[in-house]
Structure formats: C-alpha cells, structure tokens
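# A closer look at the structure
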Amino acid sequence: MRTYIGTHQVLTAVEFEELALGFDELPLGLDRDLFRGPLTPESPEEQAAREAVAREVIAELAAQGEGGDEIAAWDALYADALTRTVPFLRAARDADRSTQAGEVAA
C-alpha cells in the first residue's frame, strides 16, 4: 500500500511527519529513544546507561517544573510516560515471537 500527501509519495515515517505536520525536521525537544529505548536490541550495559541518563534528565526536568517552568514539567511527565511504554512494546513483540515459534514447533 502506498501513502501520498498531496502528490508526494511518502516513503518513511519521518517523511510522513514532515509532510503531514509541515516541518522539515523533527521538532526540538525530547529524544524519545532515550526514554523508551531504541526499537533495536541493546546490550544490558547500554540499557543500564541509557536508563540512568533518562532518570537524571527526568529528575532535572521535574526540578525545573517545580521551579516554575511549565514546559519542563510537561516534558518530565511525557518522558516519564515514555519509560512505561517500553515494557508494553517488548511484551507484545515477545508474545508475537513466542506465538510464531509455537506455530513453527507444532
């Protein structure tokens, strides 16, 4: 299936966002991969380091929010919510893999 915006065929998710939302680059803000994790496998050491940095960033944003920076407070809430999406995504992926493995083994 092909996706078009206007007369332009969309080939990637980034391109879709750029065309649909009208900007050339992703907006400045939080690095979603820092909080949710990359969509590719990472080593336990990489995951521990990423999660440690993410916790520090969330704590810093929350402190700025308590100091009166409303945007930082919202960013802290968003980043914290992103950290909770990873187990759900991984659980769904792992369930799908175990279902496929069960079908192959049967």
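Everything below is about the structure printed above this text.
Since we're looking at a predicted model, the values are computed, not measured. (Residues numbered from 1 in each chain as written. Predicted model: local features only at pLDDT ≥ 70, side-chain atom pairs only at ≥ 80, totals over all residues. Heavy atoms only, no water.)

## With respect to helix 3 (residues 44-66)
Here is the rule we go by: Going along the chain from the N terminus, every DSSP run of H or I of four or more residues is numbered as a helix, and every run of E of two or more is numbered as a strand. To estimate the expected span of a helix, count its residues, drop one, and scale the result by 1.5 Å. Exposed residues in this analysis have more than 50% of their type's maximum accessible area, buried residues have under 20%, and partly exposed residues fall in between, with area computed by a 1.4 Å probe over protein chains only.
Counted at 1.5 Å a residue, the expected span for helix 3 with its 23 residues is 33 Å, and the 33 Å between its end C-alpha atoms agrees. Turning to helix 3, its buried residues are Arg50, Ala54, Ile58, Leu61 and Gly65. At the exit of helix 3 stands Gly68, carrying a positive phi of roughly 115 degrees.

## Let's talk about the pattern of salt bridges
Pairs may arise between side chains of opposite charge once their charged atoms sit close together. What counts here: Only one rule defines a salt bridge in this text: a Lys or Arg side-chain nitrogen within 4 Å of an Asp or Glu carboxyl oxygen.
Summed over the entire model, instances satisfying the criterion amount to four salt bridges. Note that Arg50 and Glu51 form a salt bridge whose closest N and O atoms lie 4.0 Å from each other. Looking at Arg50, the relative accessible area reads 11%, which means it is buried. When salt bridges with common partners are traced through the structure, they connect Glu42, Arg50 and Glu51 into a single cluster.

## A short note on the nonpolar core
The condition that has to hold: We define the nonpolar core as a collection of buried residues of types Ala, Val, Leu, Ile, Met, Phe, Trp, Tyr and Cys that are connected through side-chain atoms lying within 4.5 Å of one another. By the convention used here, residues are in contact when the closest approach between their heavy atoms is within 4.5 Å.
In terms of nonpolar packing, the biggest core is built from six residues, these being Leu34, Phe35, Ala54, Ile58, Ala79 and Leu82. Elements that contribute at least two residues to this core include exactly helix 2 (32-36), helix 3 and helix 4 (70-105). The residues contacting Ile58, other than those within four sequence positions of it, are Phe35, Ala76, Ala79, Asp80 and Thr83.

## Looking at the environment of Ala72
By the element assignment, Ala72 lies in helix 4. Using a relative accessible area of 3% as the deciding quantity, one classes Ala72 as buried. Expressed as a C-alpha distance, the spacing of Ala72 and Ala62, which sit ten residues apart in the sequence, is 6.7 Å. Those residues in contact with Ala72 that lie beyond four places of it in its chain are Leu61, Gln64 and Gly65.

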